[in-house]
Amino acid sequence: MSGKRIKLSGAAYQKAAKEKKKNNEELLQKIPKLHSFFHTRIVGSAEITVYDFNEKSQIPGPDPVKWNLNLDSINFLLANPPKIDISTIPFAETKRMFGNISRRLTPDHFMRKLQNGEKKLREWILYSPSKNALFCFQCLLFSPKPTVFGNKNEGFINWKKCNESLQEHETSKTHAESVRIWFSRIKKEDRGVIDLELKLNIENQISYWKNVLYRVVETVSFLASRGLAFRGNSHNFGSKQNGNYLGCLELVAKFDPFLSAHIANYGNKGKGNVSYLSSNICDEFISLMSDTVIDKIVSEIKERKYFSLIVDSTPDVTTRDQLTVAIRYISNEGLPVERFLGFIPSVGHKGSDMEQALLKKFCELNIDLKFCRGQSYDNASNMSGVYNGLQTRIKNYSSTAFFVPCSAHSLNLIGSNAADTTQEGTKFFFICQAIYNFFSVSTFIWNILTNIIEKNPGCVKIKKLCSTRWSSRYDVCRAMCNGYAQVLSALNTICDDEGQKKDTRHEARSIKNKIESLNFCFMICMWTPILQRFNATSISLQSIDIDLATVVTLYDSLEKYVEDFRERFDVYLEQAKTMCSKQLFSWDGVRQKKRNKFFDETESNEELLGGEQKMKCEVFYVIIDKLAMNLRERKLSYTDINNNFGFILKLDTLDTNGIRESAKNLVKIYPEDLNETFIEELVQFKNILNLFSKEDKSSFISLLKCLTNSSLLTTFPNVEIVLRIFCCMASSNASGERSFSVLKRIKNYLRSALVDEKMSSLSILNIESDILQQIDWSDIIHKFAVLKSRKKLI
C-alpha cells in the first residue's frame, strides 16, 4: 500500500473499505508471526503509533541537519518526536563572532516568557551541534513556505537577534500552519481514509499481544527472582508435569479471563502457531532481562567511575569450573554497592587464563579496567601471586588496582593454622567430627541424643565441622560446651543397650573414653570463647558496608583479645575440671619417655614437662601465640593501604604540615585522579570536619555518605574522590562466595543440563532481583519487539 491516503465518501468509501477488509484478513492473521510490534506515545491529547523501520531505513538521529527526510523518516519522527534536553547542549561551544563581539546561545533562548511572567519550554526548537544552528521541528517537516528555521541547509545562526527572531517565528502564520499539519498527522481519529478499519484492527492486535507479553514478563520475573525452575517434563497446558512456568500461567488464568481465553485459543497448538507462551520465548526473555539488568549495572559503574574486582571460582554440580565475577563501586548516595556480573565457565586456574577471561568479559561490557582501584581474591597463589598471579596481571592495566586479600578468608586461615600447630588441637576437632559422624549415621542413634537434648532447654544439637568457613566451628564448640553432659548420657545409653551391634557399642565406648578426659574438656573451654569472637568478627568482615580502616580496627581488637586471653589459662582449666570431674590430664601417671643421647652429646639438665605445665606451655601458649602472630602478619596487608588514607579521619588531631605531607603522598600515588589543589582543599576540610557529628566521622563510609548528600560536594570534589576510591576497595570476596550458593540452587542435580549462558542469566536475575523489580515491563517488551521485528506495515 502506498504512503498516500485517498479520501472517499458515500457508497464508494463503503465498497472500498469492504474490499480492503477482505483483502487484508490474511495479513491480519500474520501480524503476530511477522513480529511487527508497535508502541504508542502520547503527544498532547493524541495517541500515535511508533512504526518499526525496515532493515534498509536509517533512523533519524538527534542532529536535524543529518536527517534524510522521506516517508519512513517522517513517519518515525511523527511517532518519536525529538525532545529538548537543555542540559546536554554545550552552550560554551556555541560561540559566534559578530564583529569584535562574541555571542553564545543561552538556556533562556529555549524558554518563552509569557505576559504574566511564566516561562514555557519552546519544544519546537532543535539544536544542531554539527552546524551550530537552530531549527524548527514542525517547519522542517511540513513548512508550506521556506523559512530560515525550516531550511535544513541553513538554519538560524544570528545569535545577536535570537530573541526577536524566535518570538517572530513562533507567532508567524507559516509556523502556525506547520503546527496544524503536524497535529493533523498525529491525530488518532483520522476518519475518512480507506485504511481506517485496517488501522483499528492493527491497533487491537498490538494491544492484545502486549497484554499477553506483559503476563509472560511478570511470570518470568517472578520465577527468576526466586531462583525457581521453569520447565517440566511436559510442554502442554493442563499437564501436571508442565513445570513452574506453564503452571504459574495456568494459575493466573483461573483469575484472569483474558489469559484464560488466550490459553484456550493458542495454548496447545504446537510449533508453527504463535502464542508467545513457548519455552523459546521464555528463554529469550530471560536473556533479554538479564542483559537489561547488566546494562543498568554497567551504566551505574561508568557514572561512578571507580570500582574494584571480586573474583573467585568453584565447580558446579557437573564438576565444571565456574569463575564468578563481581564488582564493587560507590552509589550516587555515597554507599558501597557490590554487584554480580555473571559466571564465566571453564577458564582454567592459571593467572594468564583468568586474565584473558576477565579482559574479554570487561571488553564485552565496555568497562575500562584503568579505573579499577582494588582487587579482592582469596589467598591462592594463582590469584595473589606477586609475579604471575592475577592481581599482578591486572596491575598492568591499572597500576593503582591494589590487591586486598579477603579479610574473612585470612581469618579462617589464621585459626586453621593455629589449631594444626599442636597434636591436641588437631585431635580435638577430629573427635568433634567423629561424634557427629557417629550419631548422624543412624536415625535411631540420633533420636536417642535428640530426646535427651530436648529435655534441657539450654542445649543445642551437635553440628558438623565446616572445612571452608573455619570460624563457623564456633557452633560445634558451643554445642559441645552446652551439651557435654547430654552427649555423655547418650553414649552411656548406647553402650548399655544390649540391642545395639557390638561394633556400635564399641565405637560409642571409645568416643566416651576420649571426651571424658580433661584434655578434651580443656580444649572445649579454651576454643569456645576464641571461636565466638572469631566468628563474630568474620561475620562483620563479610558485610558490604565495611571499609579497610574498619578491617584494621577489627584485626587490632582481635589481636588484643588474644593477647589478653593468654593470661586466662587457670580460669579455663578450672572450668574443664568442673565439666568432666577429672583432675589429671591423660599424660599424668604415665611414665615419661626419655630421649636417648648420642655418645658425643654433653650432659644437660633436660626438663620434661608434665601435668598442667605441659598443657600450658606445649599446647595453650603455642596456640595463642600462633594466633597472635598470624593476626599481626595478616593485618599488614590492610595496614599498608589504610596508612595512605587513615589520616583523613584524624584531621582534627593533625597539624597543617602533617596534613600536607599525607595529602602529597596521596597525590603521588594517584596522579591521574588528584591534582595539587587537593592538598589545600584537605587543609580547609579540616575545619569543616569539626562540624560533622561523631557518628558521621566514625568511618570512611559514613563520612562519604554525609559529604555526598550535603551541599559541600562542589567545594570539596577531590576529598570526595579520595573517599570514593578508598571505600570502593573490597575488603572481602564474600559476594563471590554468596553467588556460589545461588549457583547450587539454580544448577542442581535436576537441572544439570542447564547451559552456561542461561545459568548465568538466571543467576543474575536472582542475585540482582532488586534491579529487576525496578525495570519497566514495557521497556522489556519494546526491546523484544525491536529484536524480533522483520517486516513493517505501511
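For every chain, the first residue of the written sequence is number 1, and numbering continues from 1 onward in sequence order. Given that this is a predicted model, residues contribute local features only at a pLDDT of at least 70 and side-chain atom pairs are listed and counted only at 80 or more, while totals for whole chains, interfaces and linings are drawn from all residues. The side-chain figures draw on all heavy atoms in the structure; neither hydrogens nor water molecules are used.

**What about the confidence of the model for the chain?**
- Per-residue confidence from the predictor is reported as pLDDT, a score between 0 and 100. Confidence along the chain averages 84 in pLDDT terms, with 88% of residues attaining 70 or more.
- Throughout, a contact is declared for two residues whenever any of their heavy atoms are within 4.5 Å. Low pLDDT, under 50, characterises residues 1–9; the stretch is placed with 18 contacts to residues that sit more than four places away or in other chains.
- Confidence over residues 26–57 falls short of pLDDT 50; this stretch has 88 contacts with residues more than four positions distant or in other chains.

**Digging into the pattern of salt bridges**
- A side-chain nitrogen of Lys or Arg and a carboxyl oxygen of Asp or Glu constitute a salt bridge if their distance falls within 4 Å. Counted under the stated rule, the structure contains 26 salt bridges.
- In this structure, Asp770 engages Arg339 in a salt bridge whose closest nitrogen and oxygen atoms are separated by 3.1 Å. You can see Asp770 sitting in helix H31 (residues 769–774) and its partner Arg339 sitting in strand S11 (residues 336–345), a full 431 residues away along the chain.
- Burial status follows relative accessibility: with a 1.4 Å probe on protein chains alone, a residue under 20% of its type maximum counts as buried, one over 50% as exposed, and anything between as partly exposed. A relative accessible area of 13% places Arg339 in the buried class.
- Between Arg373 and Asp673 there is a salt bridge whose closest N-O contact spans 3.0 Å. Pair noted here: Arg373 is in strand S12 (residues 372–376) and Asp673 is in the loop between helix H25 (656–669) and helix H26 (677–689), with a separation of 300 residues, a long-range link.
- Among the residues examined, Arg373 registers a relative accessible area of 2% and is labelled buried.
- Under the relative-accessibility criterion, Asp673 is labelled buried at 11%.
- One connected set of salt bridges, linked through shared partners, spans Asp556, Glu559, Glu563, Arg632 and Lys635. Numbering of helices and strands starts at the N terminus; helices are DSSP runs of H or I of at least 4 residues and strands are runs of E of at least 2.

**Notes on the packing of helix H21 (residues 518–541) against helix H24 (residues 611–645)**
- At a closest axis distance of 13 Å, the pairing of H21 and H24 adopts a crossing angle of 15°. By the angle between their directions, the pair H21 and H24 is classed as roughly parallel. In this structure, the crossing between H21 and H24 has a hand that is right-handed. Each of Asn519, Phe522, Met523, Met526, Trp527, Ile530 and Phe534 in H21 lies in contact with H24, whose residues at this interface are Met615, Val619, Phe620, Ile623, Ile624 and Leu627.
- When residues are grouped by polarity, Ala, Val, Leu, Ile, Met, Phe, Trp, Tyr, Cys and Pro land in nonpolar, Asp, Glu, Lys and Arg in charged, and all others, Gly among them, in polar. Looking at the contact of H21 with H24 residue by residue, the class counts come to 12 nonpolar, 1 polar and no charged. Helix axes use the C-alpha atoms of the stretch in contact, all axes being lines fitted to C-alpha atoms, and the angles between their N-to-C directions lie in the range 0 to 180 degrees. These descriptions rest on fixed angle ranges, namely under 35 degrees for roughly parallel, over 145 for roughly antiparallel, 65 to 115 for roughly perpendicular, and the rest for oblique. The sense of a crossing depends on the near helix, which, turned anticlockwise from the far helix by less than a right angle, makes the crossing left-handed and, turned clockwise, makes it right-handed.

**Overview of unusual backbone geometry**
- Even without being glycine, Thr319 reaches a positive phi, approximately 60°.
- Along the chain, Thr319 falls in the loop between strand S9 (307–315) and strand S10 (321–330).
- Even without being glycine, Ser581 reaches a positive phi, approximately 60°.
- Relative to the helices and strands, Ser581 is located in the loop between helix H23 (569–580) and H24.
- The exposure class of Ser581 is exposed, given its relative accessible area of 61%.

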